[in-house]
Amino acid sequence: MKLTKADKVAIQGGDSNYLVNKGIRYYYDKDYEVAMDYYHLAAAMGNGKAIGCIGTCYLYGRGVPEEIDLALSYYHIAMDVRDVDTFYQMGKIYSNGEGVEKDPELGVYYYETAFAELLDNYSLQDQFSHPALFAALAQEKLPGGGMSESISTSYKYLLVANMGYQLAIDDGAFYFEEELESIKTRMNDPIYDDVRSAVKKQFKEVIGLEKYISIVVFALIVKSLVRSTFSPLYLIYSTLSL
């Protein structure tokens, strides 16, 4: 891999996020070896997300041999630095039994840890950049899931996931289009027929905006003007409780 001028400036400036995000773009383009090069650079700079991404490549054997133990080792290192994506990924593999013995309870534990970490330690903008986590939480809140059942809360999580994927696509992450369509399909499931209208109305009343996607724009504007506990995003999450 030949480093670009921008890569070198990012390295000199300690911008590991630039490198890991570039690696993610290569990953979704299925250029896994180049993705791993960028992940390793970012990981060497202490980026927890990059460390988790390396684990994912070993989990699925993308760009490297499939090695479950090595994948889990990278995941544990990433969790030590409280990376939300890795907590989510651990929830996913234990919930589905991907390379490990299936353990739905442990999967839910990791999902809940990821959610708590997201609310406590991540910025407003970053809180919208984890739609897969909210999609997983929505599934766990349905009958037969691993969390206390709540159809309305499940639908609220899907609304947040829908916003997150739409924002990512608007920002150029077109590889999430399939995930967005999946969320929209789930939102139309008949199981939500009795709560759909009420939940959407609640969101509109709490936020005071007709277009859900403009929540983020408004939230970023007020971020520097008000305390975080009174921000629109905090109000969204407040509505997610049972």
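Residues numbered from 1 in each chain as written. Predicted model: local features only at pLDDT ≥ 70, side-chain atom pairs only at ≥ 80, totals over all residues. Heavy atoms only, no water.

(A) Main features of the packing of aromatic side chains. One pass over the structure, following the stated rule, counts 15 aromatic pairs. Ring centres of Tyr 58 and Tyr 74 lie 5.8 Å apart, and the angle between their planes is 5°; this geometry places the pair in the stacked category. With Tyr 58 in helix 4 (residues 48-60) and Tyr 74 in helix 5 (residues 68-80), this residue pair connects regions lying 16 residues apart in the sequence. Given a relative accessible area of 12%, Tyr 58 falls into the buried group. With centroids separated by 5.5 Å and ring planes inclined at 70°, the aromatic side chains of Tyr 109 and Tyr 110 adopt a geometry described as edge-to-face. Among the aromatic residues, ring-to-ring pairing joins Tyr 27, Tyr 28, Tyr 32, Tyr 165, Tyr 175 and Phe 176 into one connected group. (Phe/Tyr/Trp six-rings, centres within 6.5 Å; stacked < 30°, edge-to-face > 60°. Helix = DSSP H or I, 4+ residues; strand = E, 2+ residues; numbered from the N terminus. Buried < 20%, exposed > 50% of the residue type's maximum accessible area, 1.4 Å probe, protein only.)

(B) View of the packing of helix 3 (residues 32-44) against helix 4. Closest axis-to-axis distance for the helix 3/helix 4 pair is 8 Å, and the angle between their directions is 145°. Here helix 3 runs over helix 4; the crossing is left-handed. Contacts between helix 3 and helix 4 involve Met 36, Tyr 39, His 40, Ala 42 and Ala 43 from the former and Ala 50, Ile 51, Cys 53, Ile 54, Cys 57 and Tyr 58 from the latter. Looking at side-chain class alone, the contact of helix 3 with helix 4 contains ten nonpolar, one polar and no charged residues. (Axes fitted to C-alpha atoms, helices over the stretch in contact; angles between N-to-C directions. Left-handed = near helix turned anticlockwise from the far one by under 90°. Contact = heavy atoms within 4.5 Å. Nonpolar A, V, L, I, M, F, W, Y, C, P; charged D, E, K, R; others polar.)

(C) Examining the side chain of Glu 117 more closely. Tracing the backbone through its elements, the reader meets Glu 117 in helix 7 (residues 104-121). The exposure class of Glu 117 is buried, given its relative accessible area of 9%. Here Asn 121 takes part through its side chain, which lies 2.8 Å from a polar atom of the side chain of Glu 117. Once residues within four sequence positions are removed from consideration, Glu 117 is found in contact with Arg 82, Val 84 and Tyr 122. (Polar contact = N/O pair within 3.5 Å; in protein donor to acceptor, adjacent residues only side chain to side chain.)

(D) Representation of the confidence of the model for the chain within the structure. Looking at the chain, pLDDT values average 86 and 83% of them are 70 or higher. Here residues 209-242 is a poorly scored stretch, pLDDT under 50, and it has 60 contacts once near neighbours within four places are set aside; other chains count. (pLDDT = per-residue confidence, 0-100.)

(E) Quick peek at the environment of Glu 179. In this fold, Glu 179 is placed in helix 11 (residues 177-187). Separated by 47 residues in sequence, Glu 179 and Ala 132 have C-alpha atoms that sit 8.5 Å apart.

(F) Seen up close, the packing of helix 7 against helix 9 (residues 131-140). The interhelical angle for the contact between helix 7 and helix 9, taken along N-to-C directions, is 130°, at an axis separation of 10 Å. In terms of axis orientation, helix 7 runs oblique to helix 9. Crossing of helix 7 over helix 9 shows left-handed handedness. Of the residues in helix 9, those touching helix 7 at Val 108, Tyr 111, Ala 114, Phe 115 and Leu 118 are Leu 133, Phe 134, Ala 136, Leu 137 and Glu 140. When its residues are assigned to classes, the contact of helix 7 with helix 9 shows nine nonpolar, no polar and one charged. (Parallel < 35°, antiparallel > 145°, perpendicular 65-115°, else oblique.)

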